[in-house]
Amino acid sequence: MKNIKITALSFLLLAGSVMSCKDQLDIQNPNQPTPSTASSEAGIVALAQGSVYKNGFTSAGNKYYDGVVGAFYNGVVGIHELMGDVVSAEAANTYMNNLSSPDMVTLDNGTQVPNPNSPALQKNLLRAVNTNSQQGGNPGWHEWAMMYQLNNACNTILDAVDKTTFTGDATAKKNAIKAWAYTWKGLAYARLGSLYYAGLIVNTPSVTNNTYVTKEAMIAESNANFDKAATAVNASGASGDFEEIVTALIPDFFQNDKGAVPTAGQWIKNLNTMKARNILVNTPAATMTAAQWDAILTLTNAGVGASDPVFAGNTNANGDIFGSSNYSVAARAVGSNASGNTYKISERLIQDFNAGDQRLAQNFKVFTVWVGNSDRGNAFNTRYAIKDGGNGLAGVYTYVNRTAGNAEIFLLGSYEENELMKAEAKLWKGDVAGAAASINAVRAYQGAGIAAITSTNAAVVKEELRKERRVALAFRGLSFYDARRWGVLDNGRTGAVVISKDGSSISTNATIKYGYLDYWDVPNNELANNPAGAGSAPTTNPK
């Protein structure tokens, strides 16, 4: 196993989330890279690598870190997958069990099973615990804190880079650092604008402001940062010095398969995929305009292809950034039976696999019914467990591999996501055959082994698209966005598989009324320390 060229354990730990204009850098160790040590090329690379990965995605970026809740890709993303009904949880840390408890489940025999928690509606629970005194017990805190940590890290990098002395082509090397920082800032604003009703645009290191803006303005800021990244890539991406810096920024053990160092053109493709996502996941499908579908199709046609590397993470034996045993939502669902681990596999995920899909055979095993505490949930009982490393089917996609060096963590987008966004745009524009071809391509890419879609019926292809997004993109944090934009949060799901609370019966035509809040209020952890100033957008969702 290769070592990290510039250790990711050398990082700038920025103090808290962006809470107050008085907040400053909390520099504890003079040997860790900081703006002052970033005056050299090696120093700025160490700062840019370590502060992004550690502050944005690990426990270092969350002062209220809870090992049960997790960090970013195994915790914050898990919250999304709970609400997207890909997994469930019995654990009560940060009210995880409440987050995946629908308002009401109606079984095949007509029995209605309400959310057993108190408050009995997820929406009311989120507001009841949205207080500063809850600290990390407030579910809304975690993504907000970690993404503002990531944003602050990138602000610090951008503030330092023009003061750095470089060897060789200094302009190209500076542009590589800038492209890196602007890409991750784009992600931070995208995540914030895709979950919270309002946010803060903060582009100065270690200070903030009290002018809250709309979620739409947050997405616009995300796109602006992706565009700034593209400008820097286009300006210098062909330079060998640019490539040298990018190669140093990405840890060696990330640089295989999908995590390979991207060319300038491939980097731009990744940015296009993210900009397409920003449109898709933040607009209800029913109100999407023709211009928006055109924009998505244009972006995805220039987005990540099947052979392109993406910004993918990996594990190593030391657990320098991601631990091999718990690096993702899927990794934290592995168990010896259907009880899984922190996360349990949803019966609704399993029912979305088509008959004969080799991805189901590869990744899951069926057991006797696991029955959770009925006072903690009304839809989490399950028969399925995910298999670490798969069941040995060659050429079939594996959701989780906990052997060090064999993980696959999609830090930004992926080919599958890009192609399925393209399929959806084609479908809504009337190209049903083209949509089916894109869905078939993703299934072939993942080794599904099922017959190609040949139907020209738009409704049939739309349903195949819905199922494929749930299956192909499972555990990647997109399911909640889909449930929101497709109206599932408000309208519910019919024909659902649900196991009764005592495990004695299995409904195959149940109705689930989720009722989850579509965009979360700004966390009170922030507002208590940084109240909204004059001219701010509303910080509370009126729903």
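As the structure is a computational prediction, the values presented were derived from the model and not from experiment.

Colleague: Which residues make up unusual backbone geometry, and what values do they have?
Modeller: Cis geometry marks the peptide bond from Ser118 to Pro119; its omega dihedral reads 0 degrees. Within the fold, Pro119 resides in the loop between strand E3 (112–114) and helix H4 (122–128). Unusually for a residue other than glycine, Tyr95 sits at a positive phi of about 60 degrees. Looking at where Tyr95 falls in the secondary structure, it is placed in the loop between strand E1 (87–89) and helix H3 (96–99). Phi is positive for Phe475, which is not a glycine, with a value near 75 degrees. Inspection of the secondary structure assignment puts Phe475 in the loop between helix H15 (458–472) and helix H16 (479–485).

Colleague: Kindly report on the packing of helix H9 (residues 264–281) against helix H10 (residues 290–301), identifying the contributing residues and their values.
Modeller: In contact at an axis separation of 8 Å, H9 and H10 are set at 160 degrees when each is read in the N-to-C sense. Considered as vectors, H9 and H10 are oriented roughly antiparallel to each other. For the pair H9 and H10, the sense of crossing is left-handed. Across from Asn272, Lys275, Ala276, Ile279 and Leu280 in H9, the residues of H10 making contact are Gln292, Trp293, Ala295, Ile296, Leu299 and Thr300.

Colleague: Describe in detail the nonpolar core, supporting the description with residues and values.
Modeller: In terms of nonpolar packing, the biggest core is built from 136 residues, with Phe57, Trp184 and Phe475 touching the most fellow members. With twelve residues, helix H6 (residues 170–193) is the largest single contributor of residues to this core. Contact partners of Phe57, with chain neighbours within four places excluded, come to Val52, Ala71, Phe72, Tyr73, Met146, Met147, Leu150, Trp184, Leu187 and Phe322.

Colleague: Tell me about the sheet that holds strand E2 (residues 104–106), and please be specific about residues and values.
Modeller: Whether parallel or antiparallel, the strands of a sheet pair through hydrogen bonds between backbone atoms. Pairing within the open sheet is antiparallel, and its four strands lie in the order E3-E2-E12-E11. With one partner strand each, in any of the chains shown, E3 and strand E11 (493–499) form the two edges of the open sheet. In this sheet, neighbouring strand axes are inclined to one another by 35 degrees on average, regardless of whether the strands run parallel or antiparallel.

Colleague: Pulling in residues and values, what's your account of the pattern of salt bridges?
Modeller: Enumeration over the complete set of coordinates arrives at 33 salt bridges. Put simply, Lys173 and Glu41 hold a salt bridge, and the shortest N to O gap is 3.1 Å. With Lys173 in helix H6 and Glu41 in helix H1 (residues 41–57), this residue pair connects regions lying 132 residues apart in the sequence. Residue class for Glu41 comes out buried when judged on its relative accessible area of 16%. Measuring nitrogen to oxygen at the nearest pair gives 3.2 Å for the salt bridge that ties Glu416 to Arg476. Linking Glu416 in helix H13 (residues 415–428) with Arg476 in the loop between H15 and H16, this pair joins segments that are 60 residues apart in sequence. Per residue, the accessibility class of Glu416 equals that of Arg476, and both read buried. Connected via shared salt-bridge partners are Asp357, Arg359, Arg443, Glu464, Lys467 and Glu468.

Colleague: With reference to specific residues and values, describe the packing of aromatic side chains.
Modeller: Applying the stated rule across the entire model yields 25 aromatic pairs. Pairing Tyr53 with Trp184 gives two aromatic rings, centres 6.4 Å apart and planes at 65 degrees, and the pair type is edge-to-face. Separated by 131 residues along the polypeptide, Tyr53 in helix H1 and Trp184 in helix H6 bring together distant segments of the chain. With relative accessibility at 0%, the residue Trp184 sits in the buried group. Chaining the aromatic ring pairs together yields one cluster made of Tyr53, Phe57, Phe72, Tyr73, Trp180, Trp184, Phe242, Phe253, Phe254, Trp267, Phe311 and Phe322. Here Lys344 stacks its cationic end above the ring of Trp370, 4.9 Å away from the centre of that ring.

Colleague: Report on empty space enclosed by the protein, specifying residues and quantitative values.
Modeller: The full count for this structure, using the stated rule, is ten cavities of 30 Å³ or more. Counted as a void, the largest cavity has a volume near 270 Å³. Lining the largest cavity are 25 residues, with Tyr73, Ile409, Phe410, Phe475 and Arg476 sitting closest to its centre. Contributing elements (two or more residues each) for the lining of the largest cavity: helix H2 (72–83), H6 and strand E10 (409–410).

Colleague: How would you sum up H2? Please name residues and give values.
Modeller: For H2, built from twelve residues, the straight-helix expectation of 16 Å at 1.5 Å per residue is met to within 8% by its first-to-last C-alpha distance of 16 Å. Here H2 lies mainly inside the structure; twelve of its twelve residues are buried. Taken together, the buried positions of H2 are Phe72, Tyr73, Asn74, Gly75, Val76, Val77, Gly78, Ile79, His80, Glu81, Leu82 and Met83. Phi for Asp85, located one or two positions after H2, is positive at around 60 degrees.

Colleague: Summarise H6; cite the residues concerned and give the values.
Modeller: In this model, H6 (24 residues) spans 34 Å end to end at C-alpha, consistent with the 34 Å of a helix rising 1.5 Å per residue. Of all 24 residues in H6, 20 are buried; the element is thus mostly enclosed. Two to three positions downstream of the cap, the backbone nitrogen of Thr171 sits 3.3 Å from a side-chain oxygen, assigning the N-cap of H6 to Asp169.

Colleague: Please give an account of the packing of H1 against helix H5 (residues 141–161) that cites residues and values.
Modeller: Helix-helix packing: each pair is described by the crossing angle between the helix axes and the interaxial distance. Closest axis-to-axis distance for the H1/H5 pair is 8 Å, and the angle between their directions is 170 degrees. Between H1 and H5, the angle is such that the two are roughly antiparallel. Taken together, the residues of H5 that come into contact with H1 (itself represented by Ile44, Leu47, Ala48, Ser51, Val52, Asn55, Gly56 and Phe57) are Met146, Met147, Gln149, Leu150, Ala153, Cys154, Thr156, Ile157, Ala160 and Val161. When its residues are assigned to classes, the contact of H1 with H5 shows 13 nonpolar, five polar and no charged.

Colleague: Account for the side chain of Thr539, with residues named and values stated.
Modeller: Counting through the fold element by element, Thr539 comes out in the segment after helix H18 (524–527). Thr539 gets classed as buried once you look at its relative accessible area, which sits at 14%. Non-local contacts of Thr539, meaning those with residues more than four positions away in its chain, are made with Ala198, Tyr212, Asp521, Val522, Leu527 and Ala532.

Colleague: Explain the environment of Gly67 residue by residue, including any values.
Modeller: Relative to the helices and strands, Gly67 is located in the loop between H1 and H2. The spatial distance from the C-alpha of Gly67 to the C-alpha of Ser118 is 24 Å, given a sequence separation of 51 residues.

Colleague: Run through the pairing of strand E12 (residues 506–513), naming residues and quoting values.
Modeller: With three bridges joining them, E2 and E12 adopt antiparallel strand pairing. If you follow Met104 over to E12, its bridge partner there is Lys513. Pairing between E11 and E12: four bridges, direction antiparallel. Counted as the bridge partner of Arg493 is Ile512 from E12. Count of turn residues in the E11/E12 antiparallel hairpin: six residues, of which Gly503 carries a positive phi of about 80 degrees.

The rules behind these values
- Residues numbered from 1 in each chain as written.
- Predicted model: local features only at pLDDT ≥ 70, side-chain atom pairs only at ≥ 80, totals over all residues.
- Heavy atoms only, no water.
- Helix = DSSP H or I, 4+ residues; strand = E, 2+ residues; numbered from the N terminus.
- Axes fitted to C-alpha atoms, helices over the stretch in contact; angles between N-to-C directions.
- Parallel < 35°, antiparallel > 145°, perpendicular 65-115°, else oblique.
- Left-handed = near helix turned anticlockwise from the far one by under 90°.
- Contact = heavy atoms within 4.5 Å.
- Core = buried A, V, L, I, M, F, W, Y, C linked by side-chain atoms within 4.5 Å.
- Buried < 20%, exposed > 50% of the residue type's maximum accessible area, 1.4 Å probe, protein only.
- Pairing = 2+ DSSP bridges.
- Salt bridge = Lys/Arg side-chain N within 4 Å of Asp/Glu carboxyl O.
- Phe/Tyr/Trp six-rings, centres within 6.5 Å; stacked < 30°, edge-to-face > 60°.
- Lys NZ or Arg CZ within 6 Å of the ring centre and 35° of its normal.
- 1 Å grid on protein atoms, 1.4 Å probe; cavity = no way out; pocket = protein on both sides within 12 Å on 5 of 7 lines; lining within 4 Å.
- Points joined across faces, edges and corners; volume = space filled by probe spheres on them.
- Expected span 1.5 Å × (residues − 1).
- Polar contact = N/O pair within 3.5 Å; in protein donor to acceptor, adjacent residues only side chain to side chain.
- Nonpolar A, V, L, I, M, F, W, Y, C, P; charged D, E, K, R; others polar.

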